[in-house]
Amino acid sequence: MLQRRNHPSLDLVILMLLAWTHMAVTHVTGGVTTAGTMAMVGVAGVVGGLCIVSLVDQARHRRYVARAVTQRQAPPLLIVEETKRVVQQTAAGQPRPSGGDTTLDPDAHPRLTSTSDHLARLDHMLLRKPSSTDVVGAVTMEATRTTDIALSEAQAADLRRSIIDRIASRLDIADTISVSANGRFMLLIERVDSKTALVDHIRSVAAELARPHVLDDHSEPLNVRTAIAFADTRTRCADTLWRQARTTLGLTEAGDLEIFGGSTHTARIERTELRADLVRALRDDQLDVDYQPVLSTQTGEIVGFEALMRWHHPSRGVIGPTTFLPIADELNLIPDMGRWLIDKAATQLRMWDLDHPDSELTMAINISGAELADHGLAGAIERICARRSVLPSRFILEVSERSITDTSAPLLSALSSTGARIALDDFGTGNRSLAELQEMPVDMIKIDRAVIASLDTGDNAHVASSIVELGELLGKPMVAEGVERPSQAALLHRYGFQYAQGHLYARAMSPNGADALLDQASRQQWRIEAPAAAIVH
Ligand code: C2E
Ligand code: MG
Ligand code: MG
């Protein structure tokens with residue numbers, strides 16, 4: 001049984017002796033594995049383990065010994081290029097199971113260290129790290145080919161050598177480079193002044209790596225993803241740090257560098273969770289629609305509503321569309337969600353028609369870029385309207401200025417042909433010229449709320465007013481969105497707005513809330529109780 005000892009100076013002497021023995025052996029054999037060196041490294045590992053056990057615990061010691069002993073025993077590897085990833089394979093051509101220990105082909109590259117050595121060094125660095133200001137970071141990188149050109153085995157070897165040369169050219173000789181079983185590079189930088197310095201340094205390594213690598217008949221630019229996990233005062237184990245770095249790499253996009261636990265990393269984890277949740281949300285009926293009234297600036301009457309999607313997340317509460325729509329877009333869920341919303345809004349409109357036959361409310365629906373590109377949308381609107389007994393002409397389809405492209409005109413015309421009106425939403429946020437906008441078959445202009453917010457505020461007011469004047473030049477009815485202050489409302493007439501929407505009048509509300517509002521409004525000529533200055537006659 002191994003016992004804890006209390007002689008750190010003796011430990012140090014033994015460690016130095018072992019390090020020297022190890023270096024001497026490696027030097028003599030030129031890094032080539034032989035039975036002799038295997039035995040010696042094994043012994044060195046066991047004795048080294050004795051030293052370490054006095055500093056930490058026996059479990060750590062066993063891991064260290066196991067690594068030291070096994071690192072020289074795995075069969076030689078031949079690193080070849082397969083598909084687009086630069087991967088390692090065994091001599092028999094079988095990919096290694098990830099996480100397995102590896103011994104490198106002696107020809108692979110003189111700067112490569114085995115993963116076991118690498119982990120042992122990191123373990124040492126963590127043990128050595130005396131204070132929270134010492135920086136130890138596990139860096140992992142993945143280089144992916146960007147061309148489909150087939151590589152010969154010799155070219156693959158050249159590319160691999162070039163990659164490691166590039167990495168090595170940016171590192172100190174004391175720094176460690178190894179390749180994990182699944183072809184990712186692991187770097188350990190010995191002397192680091194600060195976390196920022198390490199990040200900057202590693203960014204420069206990644207940039208160097210991404211530069212095209214010249215092979216005999218072409219060049220290979222690479223996509224490089226990088227992740228760093230920094231040790232904190234509680235980190236005692238190399239495996240933990242590497243696991244954190246590996247997990248972070250899985251969430252890193254090509255060309256990016258992510259830090260474990262950093263804000264981008266946390267945001268990405270959240271996004272990954274939301275992706276899975278959103279698929280369940282559709283299945284479990286967690287989506288809902290809120291309705292925000294739109295008023296006439298002439299009469300102050302409610303003329304209609306805008307349908308706005310909401311997600312009632314079981315643990316996070318209500319999530320707004322600006323958070324979940326981009327995720328839905330990535331998952332290609334927008335067309336289904338859009339049709340679901342149109343059906344829901346048509347059903348609601350039909351119910352309001354039955355409750356208030358004299359109301360003739362309009363229903364504004366937001367159409368995203370993905371829906372606009374869907375040639376089946378016009379037909380779907382007609383079918384849904386027929387099923388719910390409402391005319392398509394009751395709908396206003398809001399298309400954001402930013403989602404309009406050069407090919408949008410025929411798609412907008414197809415939507416118009418259903419009888420629905422088209423509103424150009426978020427006007428003032430795109431950069432289309434007046435001539436281009438005049439070509440677009442749109443019926444209404446909805447000025448973005450950022451523009452409305454600037455209308456009554458000093459410095460930016462002239463910019464806002466020129467955007468509104470541009471909207472006026474299109475000669476279509478204009479809606480002011482996001483009206484919050486009476487001073488904004490007071491300007492609506494001067495700028496020629498026919499319609500207004502915003503918190504000043506009413507927020508988006510649940511269907512029950514909208515029912516109650518309509519009940520109340522129907523008793524007062526369809527006007528809602530808004531501050532006196534809100535409606536300018
Ligand atoms: P949008 O179409 O410009 O919708 C107006 C947004 O401004 C809504 O946010 C609304 O709640 C908010 N808003 C209204 N009045 C005020 C105000 O006075 N002050 C402030 N600060 N905000 C106000 P919401 O519901 O978060 O929607 C954001 C965007 O998400 C929408 O912008 C629209 O582009 C998109 N969206 C919402 N629902 C859907 C949907 O069902 N389908 C699609 N494709 N997009 C949707
Ligand atoms: Mg809108
Ligand atoms: Mg808008």
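Below, the structure is looked at part by part. Quick caveat: nothing in here was measured; it's all calculated off a predicted structure. (Residues numbered from 1 in each chain as written. Chains lettered and ligands numbered in written order. Predicted model: local features only at pLDDT ≥ 70, side-chain atom pairs only at ≥ 80, totals over all residues. Heavy atoms only, no water.)

Surrounding ligand 1, one finds 22 residues, the nearest of these being Arg310, Asn366, Arg449, Glu484 and His503. The separation between a nitrogen atom of ligand 1 and a polar main-chain atom of Met309 is 3.1 Å. Asp425 is positioned such that a nitrogen or oxygen atom in its side chain is 2.9 Å from an oxygen atom of ligand 1. Burial of ligand 1 by the protein amounts to 84% of the accessible area it has alone, namely 800 Å². Under a 2 Å grid-point criterion requiring more than half of the atoms, the pocket assigned to ligand 1 is the second largest pocket. Elements represented by at least two residues in the shell around ligand 1 include exactly β11 (302-313), α9 (321-330) and β15 (421-427). By residue number, the principal contributor to the shell around ligand 1 is β11, which donates 4 residues. (Near = heavy atom within 4 Å. Polar contact = N/O pair within 3.5 Å; in protein donor to acceptor, adjacent residues only side chain to side chain. Areas by Shrake-Rupley, 256 points an atom, 1.4 Å probe, with all protein chains shown as cover. 1 Å grid on protein atoms, 1.4 Å probe; cavity = no way out; pocket = protein on both sides within 12 Å on 5 of 7 lines; lining within 4 Å. Sits in = over half its atoms within 2 Å of the grid points. Helix = DSSP H or I, 4+ residues; strand = E, 2+ residues; numbered from the N terminus.)

Let's shift gears to the nonpolar core. Phe305, Met363, Ile365, Phe395 and Phe497 are the most contacted members of the largest nonpolar core, which has 78 residues in total. With 8 residues, the top contributor of residues to this core is helix α10 (residues 334-355). Met363 has contacts with Tyr291, Phe305, Ala307, Ala345, Gln348, Leu349, Trp352, Arg394, Phe395 and Ile396, leaving out every residue within four places of it along the chain. Formed by 31 residues, the second largest nonpolar core is a distinct cluster that contains Val135, Leu151, Leu171 and Phe185. (Core = buried A, V, L, I, M, F, W, Y, C linked by side-chain atoms within 4.5 Å. Buried < 20%, exposed > 50% of the residue type's maximum accessible area, 1.4 Å probe, protein only. Contact = heavy atoms within 4.5 Å.)

This part takes up the layout of surface pockets. The volume enclosed by the second largest pocket comes to roughly 1200 Å³. Forming the walls of the second largest pocket are 38 residues, and the residues nearest its centre are Glu306, Leu308, Pro321, Thr322 and Asn366. If you list the elements that add at least two residues to the lining of the second largest pocket, you get β11, α9, α10, β13 (362-367), α11 (369-372), β14 (395-400) and β15. Residue classes in the lining of the second largest pocket are distributed as 13 nonpolar, 12 polar and 13 charged. (Points joined across faces, edges and corners; volume = space filled by probe spheres on them. Nonpolar A, V, L, I, M, F, W, Y, C, P; charged D, E, K, R; others polar.)

What follows concerns the packing of aromatic side chains. Within this structure, the stated rule accounts for 3 aromatic pairs. A centroid spacing of 6.0 Å and a plane angle of 90° characterise the contact between Trp311 and Phe324, whose relative ring orientation is edge-to-face. Of this pair, Trp311 sits in strand β11 while Phe324 sits in helix α9; the two residues are 13 residues apart in sequence, bridging distant segments of the chain. Taking the relative accessible area as the measure of exposure, Trp311 reaches 0% and is therefore buried. (Phe/Tyr/Trp six-rings, centres within 6.5 Å; stacked < 30°, edge-to-face > 60°.)

Every buried residue belonging to α9 is among Pro321, Phe324, Ile327 and Ala328, and all of these are buried. For α9, the arc enclosing every buried residue in end-on projection is 140°, short of the 170-degree limit, so these residues lie on one face. Just beyond α9, the residue with positive phi is Asn332, at close to 60°. (Arc of directions from axis to C-beta.)

The topology assignment puts Arg184 in the loop between β4 (176-179) and β5 (185-188). Residue Arg184 is classed as buried on the basis of its relative accessible area of 14%. Polar contacts involving the side chain of Arg184 include one to the side chain of Glu142, which spans 3.0 Å. Excluding residues within four positions of it along the chain, Arg184 makes contact with Thr140, Met141, Glu142, Ser178, Val179, Arg225, Arg246 and Leu249.

A separate point is the environment of Gly475. Here Gly475 shows up in the loop between α16 (461-473) and β17 (478-480). Along the sequence, Gly475 and Asp443 sit 32 residues apart, while their C-alpha atoms lie 9.3 Å from each other.

Here we come to the environment of Arg121. Tracing the chain through its elements places Arg121 in helix α4 (residues 115-128). Here Arg121 falls in the partly exposed class, since its relative accessible area comes to 34%. Separated by 55 residues in the primary sequence, Arg121 and Thr176 have C-alpha atoms spaced 8.5 Å apart. Discounting chain neighbours no more than four positions away, the residues touching Arg121 are Thr113, Thr176 and Leu188.

So yeah, pure geometry; function would need other evidence.
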